[in-house]
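As a plain string of letters, each chain reads:
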Amino acid sequence: MRRFGSSFTGAVFLILTAFILDAPVVRAQEILSEGLPVKARTRAIETFHIGHDDPVFGKLTFLGGLELLASDRKVGGLSGLVSLDGGNAFLAVTDNGHWVRATVEQESDGKPLDIKDVRFAPLLGKNGKTLRARWGHDTEALALTPSGLYVTAEYRNAIYHYPWPLTTGKERMIGQLGLPGDITSLPRNAGLEALAAGPDGSSLAGKLVAVAESSKSDAHDLSGFIIGPDGVERFSIERRDRFDATDAAFLPDGDFLLMERRFNLRDLIGLRLRRFEAGSIQAGAKLTGEVILEAGFEHQIDNMEALAVHQNAAGETILSLLSDDNRSMLQRTVFLRFRLED
């Protein structure tokens, strides 16, 4: 999270044995059942480019969006996202250590109409205490695998393992992945920000792919890590135009999608999506990727931090993007949907 202006504790290392792009069919009502309900309302975002009706942006078609306004500030700061039940629901994580689940009313193509049934609950450690109680929050990204949920914590540069489904919201952490010193020593606000689970049938199956948020300058690459049962391998991604990495996801064809964000007085606010070919993420690789979306102050964006991918009933690939409002009255929580046109 960049605000505007080791050993494995638990059982053995249990990353994927098989990867399912969309999460197992679990509806929002079936998770966080004992979480606290929150009153929420939404405002429709009909066009992505402010003042323009064209929905096509290169290989992406804007389906629609919503601005989410919740009655409890704990539902702000959304930084990680998983789509559930074909896009009818989602699970998010906040940067101050809370789960948030909601249902999404949508049209058949994936256009979001409303967000309802919002509940939240604190992430709990193995001892049952909240992560805030031991400064283990600053949770930034989610990856859902058949072995459970994995959550990055940027403050500690840690990856936590949780069971799935989170039926009540009171489930405790299973353990913490053992990570090498070059990960755990990453600077705060430049640490583990993006996380994705390697696709089945690829060389990344059974592994997690993480990307650090930032680097010293555009002359320094973003650090990438392939984390698996046999250790950690490293790759890099060229950093350009003062963008920082905020989340990542794999597409159905195995390509890797990285979401980037920037905010500074020179550039103002910005969003970028870069796509990397399947198989390009491997030890020692230096990647550049293809820009498939770039947006700025003239678009309906905010501090974009969370990305999820699912397929609708027609087999189309749908991207969901979510912003982190830092629980500030000056920022918004926006939920955007795009269809990838291949």
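Conventions and cut-offs
Residues numbered from 1 in each chain as written. Predicted model: local features only at pLDDT ≥ 70, side-chain atom pairs only at ≥ 80, totals over all residues. Heavy atoms only, no water. Helix = DSSP H or I, 4+ residues; strand = E, 2+ residues; numbered from the N terminus. Rg over C-alpha atoms; globule rule 2.2 N^0.38 Å. Buried < 20%, exposed > 50% of the residue type's maximum accessible area, 1.4 Å probe, protein only. Areas by Shrake-Rupley, 256 points an atom, 1.4 Å probe, with all protein chains shown as cover. Lys, Arg positive; Asp, Glu negative; His and termini not counted. Charge placed at Lys NZ, Arg CZ, Asp CG, Glu CD. Salt bridge = Lys/Arg side-chain N within 4 Å of Asp/Glu carboxyl O. Polar contact = N/O pair within 3.5 Å; in protein donor to acceptor, adjacent residues only side chain to side chain. Contact = heavy atoms within 4.5 Å. pLDDT = per-residue confidence, 0-100. Pairing = 2+ DSSP bridges.

Trainee: Go over the overall build of the protein chain, please, and point to the residues and values.
Mentor: Summing up its helical and strand segments, the protein chain has one helix and 24 strands in all. Relative to its length of 342 residues, the protein chain is compact, with a C-alpha radius of gyration of 18 Å against a globular reference of 20 Å. Counting only C-alpha atoms, the protein chain reaches 50 × 45 × 40 Å along its principal axes. Taken across its 342 residues, the protein chain has 58% of its residues classed as buried. Of the roughly 13500 Å² of accessible surface on the protein chain, a fraction of 50% belongs to carbon and sulfur atoms. Taking the average place of the 38 positive charges on the side chains of the protein chain and the average place of its 46 negative ones, the gap between the two points comes to 8 Å.

Trainee: Break down the side chain of aspartate 325 for me, citing the residues and quoting the values.
Mentor: On the secondary structure map, aspartate 325 appears in the loop between strand E23 (317-323) and strand E24 (333-340). Arginine 327 provides the closest opposite charge to the buried, salt-bridge-free aspartate 325, at an N-O distance of 5.6 Å. Only 2.8 Å separates the side chain of aspartate 325 from the backbone nitrogen of arginine 327, close enough to count as a polar contact. Setting aside its immediate chain neighbours within four residues, aspartate 325 contacts Gly76, Gly77, Gln331, Arg332 and Thr333.

Trainee: Outline the confidence of the model for the protein chain, supporting the account with residue identities and numerical values.
Mentor: Scored by pLDDT, the protein chain comes out at a mean of 90, with 91% of its residues at no less than 70. Overall, residues 1-23 carries pLDDT values under 50, and its contacts beyond four positions in sequence, including any with other chains, amount to 89 contacts.

Trainee: For the pairing of strand E19 (residues 268-276), give the residues involved together with the corresponding values.
Mentor: Among the nine residues of E19, eight are classified as buried, and the element is accordingly described as predominantly covered. Relative to E19, strand E18 (residues 256-264) runs antiparallel, the two being bridged by nine bridges. The residue of E19 that forms the bridge with arginine 262 is glycine 270. Following E18, the chain reverses through three residues before pairing antiparallel with E19. Of the pairings in the sheet, the one linking E19 to strand E21 (residues 290-295) comprises five bridges and is antiparallel in character. Note that in E21 the partner of arginine 272 across the bridge is glutamate 294.

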